[in-house]
Amino acid sequence: MAVATVAALLAALGGALWLAARRFVGPSVKRLHRGGDSGLMHGKTVLITGANSGLGRATAAELLRLGARVIMGCRDRTRAEEAAVQLRREICQAGGPELGPDSSGAGELVVKELDLASLRSVRSFCQEEEPRLDVLINNAGIFQCPYMKTEDGFEMQFGVNHLGHFLLTNLLLGLLKSSAPSRIVVVTSKLYKYGDINFEDLNSEQNYNKRFCYSRSKLANILFTRELARRLEGTNVTVNVLHPGMVRTNLGRHIHIPLLVKPLFNLVTWAFFKTPLEGAQTSIYLASSPEVEGVSGKYFGDCKEEELLPKAMDESVAGKLWDVSEVMVGILK
Ligand SMILES: NC(=O)c1ccc[n+]([C@@H]2O[C@H](COP(=O)([O-])OP(=O)(O)OC[C@H]3O[C@@H](n4cnc5c(N)ncnc54)[C@H](OP(=O)(O)O)[C@@H]3O)[C@@H](O)[C@H]2O)c1
């Protein structure tokens, strides 16, 4: 009995040490721009959707530190204001630029309401005049939620992750072109591999499968990026798409984890998942690095270009998805 207990304790200790070691040599990517280049984004305005939490928040913090004027496009003003107060405090404590509450100029942080589950909200957001927009980061996302519909009756994951951003980007294209050279950065997921664009049932009203629908919305992000890059050729506006890897954020809020399994789950995410700042590196890189000036239509992970599956490169599907999305969001030609 005593031998078994000691063996079990040693095994647990060994496991914990291995996980800890894995954590420190594991998923981190090189820390671009940290520790230098603090004026790199000076004079640039960046809009980040879903900037109050997770990857969006980490991206906002770093771009602010680099001197950008950051607009947080968030659906819940209270949560966004709280995040903004904390961000300002963190940047100040770290000796970064002074951040004003809500005015134009470098190093400013601005909160604006933007609910991607409402086309009305997207339209009214875009009506607010902005003098320029240098970088748009389509980051907000919803993951494997139960069947829900957006205000306009679309399946929630497709509606928020793809359609809301589709309309937002289209309405901001004029401003991005007049501010060129400018960039669009789209956050997708490696899970796009398990999705498919079924034009017969884009709204998933027949057989809702939350995993498939998330993957499909993320495949749509990539097809959208590639079609947009084609349409933007010669404009000096670039668009690229990235996967951040597995990151510890609030994304899994709709996933039920039994109480007994939770400690193990937390240990595994701590050991194997990136921190939000590590996960945000590719967004920050694509938004700010001179290395990617002029690069467009590419798929990135850990700040390097990666290959896509053929289904994400199918130009006819990308073109059809664009046309169908235009009709769904009511874009008039
Ligand atoms: N975490 C990962 O492992 C992982 C892996 C691959 C891809 N991604 C992608 O990374 C992106 C960021 O996710 P995250 O991991 O940082 O998760 P997160 O912490 O949950 O952040 C998601 C953000 O999206 C916002 N959002 C959700 N629905 C919205 C809506 N209708 N309108 C406007 N904003 C909305 C959320 O706002 P509220 O706070 O108000 O809900 C939140 O700010 C997503 O596109 C996700 O698919 C993440």
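The rules we used
Residues numbered from 1 in each chain as written. Predicted model: local features only at pLDDT ≥ 70, side-chain atom pairs only at ≥ 80, totals over all residues. Heavy atoms only, no water. UniProt positions renumbered as here; feature names shortened; annotations may be inferred. Axes fitted to C-alpha atoms, helices over the stretch in contact; angles between N-to-C directions. Helix = DSSP H or I, 4+ residues; strand = E, 2+ residues; numbered from the N terminus. Parallel < 35°, antiparallel > 145°, perpendicular 65-115°, else oblique. Contact = heavy atoms within 4.5 Å. Nonpolar A, V, L, I, M, F, W, Y, C, P; charged D, E, K, R; others polar. Near = heavy atom within 4 Å. Polar contact = N/O pair within 3.5 Å; in protein donor to acceptor, adjacent residues only side chain to side chain. Areas by Shrake-Rupley, 256 points an atom, 1.4 Å probe, with all protein chains shown as cover. 1 Å grid on protein atoms, 1.4 Å probe; cavity = no way out; pocket = protein on both sides within 12 Å on 5 of 7 lines; lining within 4 Å. Sits in = over half its atoms within 2 Å of the grid points. Salt bridge = Lys/Arg side-chain N within 4 Å of Asp/Glu carboxyl O. Buried < 20%, exposed > 50% of the residue type's maximum accessible area, 1.4 Å probe, protein only. Lys, Arg positive; Asp, Glu negative; His and termini not counted. Pairing = 2+ DSSP bridges. Points joined across faces, edges and corners; volume = space filled by probe spheres on them.

By the naming in an unreviewed UniProt entry, the chain goes by Retinol dehydrogenase 14 and is assigned to Delphinapterus leucas. According to the UniProt record, the Sequence similarities (unreviewed entry) comment for the chain is "Belongs to the short-chain dehydrogenases/reductases (SDR) family."

1. A look at the packing of helix H6 (residues 210–231) against helix H10 (residues 315–329)
It is at 9 Å that the axes of H6 and H10 come closest, and there the two elements cross at 90°. Put simply, H6 runs roughly perpendicular to H10. Seen from H6, the contacting residues are Ala-220, Leu-223, Phe-224, Glu-227, Leu-228 and Arg-231; seen from H10, they are Val-317, Ala-318, Gly-319, Leu-321, Trp-322 and Asp-323. For the contact of H6 with H10, the class distribution of residues is eight nonpolar, one polar and three charged.

2. With respect to the site of the ligand
For the ligand, the set of nearby residues contains 28 residues, the closest of which are Ser-53, Arg-75, Tyr-214, Thr-249 and Arg-253. Taking Ala-140, its main chain carries an N or O atom lying 3.5 Å from an oxygen atom of the ligand. At a separation of 2.6 Å, an oxygen atom of the ligand approaches a polar side-chain atom of Tyr-214. Relative to its free-state accessible area of 890 Å², the ligand is covered by the protein chains to the extent of 96%. Taken atom by atom, the bulk of the ligand overlaps the largest pocket. Where the shell around the ligand is concerned, the elements lending two or more residues are helix H2 (54–65) and H6. Looking at the shell around the ligand residue by residue, the classes come out as twelve nonpolar, eleven polar and five charged.

3. Things to note about the pattern of salt bridges
One pass over the full model with this rule turns up 15 salt bridges. As a salt-bridge pair, Glu-130 and Lys-112 come within 2.7 Å of each other at their nearest N and O atoms. On the criterion of sequence distance, the pair formed by Glu-130 in the loop between helix H4 (119–127) and strand S4 (135–138) and Lys-112 in strand S3 (residues 109–113) is long-range, its members being 18 residues apart. Overall, the relative accessible area of 10% leaves Lys-112 in the buried class. In this structure, Asp-302 engages Lys-274 in a salt bridge whose closest nitrogen and oxygen atoms are separated by 2.5 Å. You can see Asp-302 sitting in the loop between strand S7 (299–301) and strand S8 (304–305) and its partner Lys-274 sitting in the loop between helix H7 (262–272) and helix H8 (276–279), a full 28 residues away along the chain. Taking the relative accessible area as the measure of exposure, Asp-302 reaches 29% and is therefore partly exposed. Taking the relative accessible area as the measure of exposure, Lys-274 reaches 6% and is therefore buried. A cluster of three or more residues bridged by salt bridges with shared partners is formed by Arg-69, Lys-112, Glu-128 and Glu-130.

4. What to know about the side chain of Asp-201
The residue Asp-201 is located in the loop between strand S5 (182–187) and H6 in this model. No salt bridge is formed by the buried Asp-201, whose closest oppositely charged neighbour, Arg-216, lies at an N-O distance of 6.0 Å. A distance of 3.4 Å separates a polar side-chain atom of Asp-201 from the backbone nitrogen of Gln-206. What Asp-201 contacts, discounting residues up to four positions off in sequence, is Gln-206, Asn-207 and Arg-216.

5. Observations regarding the sheet that holds S8
Taken in spatial order, the eight strands line up as S3-S2-S1-S4-S5-S6-S7-S8 in an open sheet, and their pairing is mixed. Each edge of the open sheet is held by one strand with a lone partner, namely S3 and S8. Summarising the sheet, strand S6 (residues 237–243) and S7 pair through three bridges and their orientation is parallel. Of the residues in S7, the one forming a bridge with Leu-242 is Phe-300. Across the sheet, helix H9 (residues 281–288) touches S4, S5, S6 and S7, and the angle it forms with S5 is around 165°.

6. Thoughts on empty space enclosed by the protein
Scanning the model with the defined rule gives one cavity of 30 Å³ or more in all. For the lining of the largest cavity, the elements supplying multiple residues, two or more each, are helix H5 (156–178), S5 and H6. Taken together, the residues of the lining of the largest cavity break down into five nonpolar, six polar and one charged.

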